[in-house]
Amino acid sequence: MRLTRTSGRRLVAGIPTLWLLLLFLVPFLIVFRVSFSEVRLAIPPYTPLIAWHHGRPSLELHTSAYAFLFTDPLYISSYLYSLKVAAVSTLLCLLLGLPMAYAIARASDATRPVLLMLVVLPFWTSFLLRVYAWIGLLNTNGVINNVLLTLGIIHEPLVMMQTDFAVYIGIVYSYLPFMILPLYANLEKHDITLLEAAADLGAPPWRAFLRITLPLAVPGIVAGSLLVFIPAVGEYVIPTLLGRTDQLMIGRVLTDEFFENRDWPVASAVAILMLLLLVVPILLFQRYQRREVEAEAGETP
Amino acid sequence: MNSPQPVAGPPPAAAHDPSAYVRVVHLTKRFGDFTAVDDVSLDIRRGEIFCLLGGSGSGKTTLLRMLAGFEKPTSGSIWIDGVDMSTIPPYERPVNMMFQSYALFPHMSVEKNVAFGLEQEGRGREEIRRQVAEILEIVRMGGLGARKPHQLSGGQRQRVALARALVKRPKLLLLDEPLAALDRKLREHTQFELLNIQQRLGVTFIVVTHDQEEAMTLGTRLGVMNHGRIVQIGTPSDIYESPATRFVADFIGSVNLFEGRVRGAGAGAGPLQIECDDLGCTVRAGQAPRALVNGTVWTAIRPEKINISREAPQESGGQNAVAGTVREIAYMGDVSIYLVQIDSGRTLRVTLPNTERGGERPIAREERVWLSWHDSSPVVLSE
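Just so we're clear, the structure is a prediction, and the values are computed from it rather than from any experiment.

**Points about the overall build of chain A**
Part 1: Counting secondary structure elements, chain A contains 12 helices and two strands.
Part 2: Helices and strands in chain A line up, N terminus first, as α-β-β-α-α-α-α-α-α-α-α-α-α-α.
Part 3: Relative to a compact globule of 301 residues, whose C-alpha radius of gyration would be 19 Å, chain A shows 25 Å and is clearly more extended.
Part 4: Taking all 301 residues of chain A together, the buried fraction comes to 39%.
Part 5: Expressed as a percentage of contacts within chain A between residues at least 6 apart in sequence, the contacts between residues at least 24 apart total 69%.

Right, dumping it as structure tokens:
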């Protein structure tokens, strides 16, 4: 009995562990290893980790790929641009998502499921198709320009494609549900009597929102922001289809290095550095979550 | 003794209590088809503790929430200190509330919770700090100001909630089941502490409770609510000794109720005589409303106002005395409860104080006994 229970538990914990080991840790180690090699014209297109000199093995670690990232301004500016785009998009998602999540959380029991359904509804269509649809909307002879021209509001088509604006539209549109859902999950748990207590003590609604609702929503805000920010930094499809051609995001740089330049070591170095950039906020988030869990555990002694 | 005020209609404006601090006039609240508060009129004096007492769904909490401004009345009005509250939002009312769940802000320390109300008034930092310290001292929470609500016990939270509601020195404090979340020992203690604080600060309290004991000890006056209406308003002893309806008699304490008819023209002198078929004797009632002639009435007799004896009482003449058999005895320590089945088949509840320690031979189960009472004991009710 005891044996089967522990082995069952091991199985349940083992499957995801194995999954993560095989599909996350092993590829990561491969990429990590490739980033410390040099490019060569062969198959595979990078130098081996262990070289043989006079019958003796020696470890060949090249840091030239990393050094290269810091010599060519393309990489630095792509990193910074990616961080900027992700940060602005996250902020926009938060500004849009917070009132939406709040409205859903305060909606009547009958309308709440409908509203939540509407938030999730876009996932039923392919992500790629939805981004392509934005091209049809934003193009020089797209839907928006045609409508505005017909109405006489503008006389020349607006240039919206291949701008920062189009990238923000695409990212905010695609990632908004990832902001709304954790925010909703948080706001929905709020005790309305706290707001009544605030009103009773003399706080008008806007001040009650700032002093009570917002501080209590911080875990939801953090979770939603990370869910948007992290994938947005490495976003590839949206900037490629809608974005600028003179300024690339790091995800695009990475694929170009792999598939266009076939410089696997540099591409790997780009990936490793991006991972480091993202690991910092993830670690911060985890530390924050742990604090939350501890605080909550303290609440029910 | 004051006669209970039947709340048939609200007092006309000219006749209202001039010392009334809170006036509730023809107040009604409907939620869809459900009438939570039904045409309630009420005057509450400055400095009193008014308890709204009723079961769940009686409308007492809705009435309280309308006073605080969280619910808009469907019709009627609320006046506090001569000001119509109709258009005044909760955050501008001179009222503070202590919530049943306490509603402490979980992300703020005790001090921050208490300071919140003062900060809304834009007081100076030093003044806020002083007043917070002062009120925490009054509720004996001095030293615990840095704690978060989840680090406090139930009784401590209750006191923080009280301090937070009192720190703005409201003229009117609303308390929603203030003691419900406390255990029995703590309740009694806190009850007297509340009274103490109320007298010290001279605040008018309106307390909502379903607990009659809480209402009796706290309230200077009680308003008993049922189905959204106020059934009776009076002092605790008014309500207990002279209930206006069967509902009140039954809701407050326990009571033996019997249906009967008034015999003869009750208009003359002498005590009223009521035939009660399922009691098996005529009830003589000394104090009774005179208007009840020949109609169906109910007599209510409190268990502690019935005597129990082995011999038939003298000169009863078949009135105010019945014979029966003791079926159950519950020893409660200070009192014993006897369930006596009378010869008509009904069972009466009688309580006797245990005044002596191991005295004479006590009455035992299955013993034949006589129950009797004074003319002043029965209360005659017409509804």
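**Here we look at the overall build of chain B**
Part 1: A count of helices and strands for chain B gives eight helices and 21 strands.
Part 2: The 383 residues of chain B split such that 49% are buried.
Part 3: Accessible surface computed for chain B: about 17,800 Å², of which carbon and sulfur atoms make up 49%.

**Details of the interface of chain B and chain A**
Part 1: On the chain A side, the residues contacting the 23 residues of chain B number 20 residues.
Part 2: Summed over both partners, the interface of chain B with chain A buries about 2,000 Å², with 60% contributed by carbon and sulfur atoms.
Part 3: It is Tyr91(B), Gln120(B) and His150(B) that lose the most area in chain B upon contact with chain A, and together they represent 31% of the buried surface on that side.
Part 4: The interface formed by chain B and chain A contains two salt bridges.
Part 5: Arg65(B) is the salt-bridge partner of Glu196(A), the closest N and O atoms lying 2.6 Å from each other.
Part 6: Linking chain B to chain A there are eight residue pairs in polar contact (both at pLDDT 80 or more).
Part 7: Secondary-structure elements contributing two or more residues to the side of chain B that touches chain A are helix H1 (60-68), strand E7 (95-98) and helix H2 (110-120) of chain B.
Part 8: Sort the elements by how many residues they give to the side of chain B that touches chain A and H2(B) lands first, with four residues.
Part 9: Partitioning the side of chain B that touches chain A into residue classes produces 13 nonpolar, six polar and four charged.

**Remarks on the confidence of the model for chain A**
Part 1: Of the residues in chain A, 96% have a pLDDT of 70 or more, and the chain-wide mean is 90.
Part 2: Confidence scores differ between elements of chain A, with helix H12 (residues 264-299) of chain A showing the lowest mean pLDDT of 80 and helix H7 (residues 164-187) of chain A the highest of 96.

**Brief notes about the environment of Phe205(B)**
Part 1: Relative to the helices and strands, Phe205(B) resides in strand E9 (residues 204-209).
Part 2: Considering only alpha carbons, one finds Phe205(B) and Leu174(B), 31 residues apart in sequence, at a separation of 6.0 Å.

**Details of the sheet that holds strand E21 (residues 379-381) of chain B**
All names here are of chain B.
Part 1: Here we have five strands laid out as an open sheet, ordered E14-E13-E12-E15-E21, and antiparallel in their pairing. Across the chains shown, the open sheet's two edge strands, defined by having one partner strand only, are strand E14 (281-285) and E21. Neighbouring strand axes in the sheet, compared pairwise and without regard to direction, differ in orientation by 40° on average.

**Notes on the environment of Ser77(B)**
All names here are of chain B.
Part 1: Positionally, serine 77 belongs in strand E5 (residues 75-80).
Part 2: In the structure, serine 77 is positioned 27 residues away from phenylalanine 50 in sequence and 19 Å away in space, judged by C-alpha atoms.
Part 3: Among the polar contacts made by the side chain of serine 77, one reaches the side chain of tryptophan 79 at a distance of 3.0 Å.

**With respect to the packing of aromatic side chains**
All names here are of chain A.
Part 1: Tallied over the entire structure, the rule returns 14 aromatic pairs over all chains.
Part 2: Geometrically, the ring pair formed by phenylalanine 123 and phenylalanine 178 is tilted, given 5.5 Å between the ring centres and 55° between the ring planes. Placement of phenylalanine 123 in the loop between helix H4 (112-120) and helix H5 (127-138) and of phenylalanine 178 in helix H7 is noted, with a sequence separation of 55 residues between them.
Part 3: Overall, the relative accessible area of 34% leaves phenylalanine 123 in the partly exposed class.
Part 4: Residue classification places phenylalanine 178 among the partly exposed residues on the basis of a relative accessible area of 31%.
Part 5: Here a set of aromatic residues connected by ring pairs shows up, and it is made of Phe28, Phe32, Phe36 and Tyr66.

**Comments concerning the domain arrangement of chain B**
Residue and element names in this part refer to chain B.
Part 1: Domain assignment breaks chain B into domain 1 (20-246) and domain 2 (256-381).
Part 2: The C-alpha centroid of domain 2 is placed 40 Å from the C-alpha centroid of domain 1.
Part 3: Taken together, the contact between domain 1 and domain 2 spans seven residues of the former and seven residues of the latter.
Part 4: Approximately 650 Å² of surface area, both sides summed, lies buried where domain 1 meets domain 2, with 58% of it carried by carbon and sulfur atoms.
Part 5: Seen at the junction of domain 1 and domain 2, the total is one salt bridge.
Part 6: Its salt-bridge partner being glutamate 241, residue lysine 305 comes within 3.0 Å of it at the nearest N-O pair.

The rules behind these values
- Residues numbered from 1 in each chain as written.
- Chains lettered and ligands numbered in written order.
- Predicted model: local features only at pLDDT ≥ 70, side-chain atom pairs only at ≥ 80, totals over all residues.
- Heavy atoms only, no water.
- Helix = DSSP H or I, 4+ residues; strand = E, 2+ residues; numbered from the N terminus.
- Rg over C-alpha atoms; globule rule 2.2 N^0.38 Å.
- Buried < 20%, exposed > 50% of the residue type's maximum accessible area, 1.4 Å probe, protein only.
- Contact = heavy atoms within 4.5 Å.
- Areas by Shrake-Rupley, 256 points an atom, 1.4 Å probe, with all protein chains shown as cover.
- Buried area = accessible area lost by both parts, 1.4 Å probe.
- Salt bridge = Lys/Arg side-chain N within 4 Å of Asp/Glu carboxyl O.
- Polar contact = N/O pair within 3.5 Å; in protein donor to acceptor, adjacent residues only side chain to side chain.
- Nonpolar A, V, L, I, M, F, W, Y, C, P; charged D, E, K, R; others polar.
- pLDDT = per-residue confidence, 0-100.
- Pairing = 2+ DSSP bridges.
- Axes fitted to C-alpha atoms, helices over the stretch in contact; angles between N-to-C directions.
- Phe/Tyr/Trp six-rings, centres within 6.5 Å; stacked < 30°, edge-to-face > 60°.
- Domains from an automatic or database assignment.

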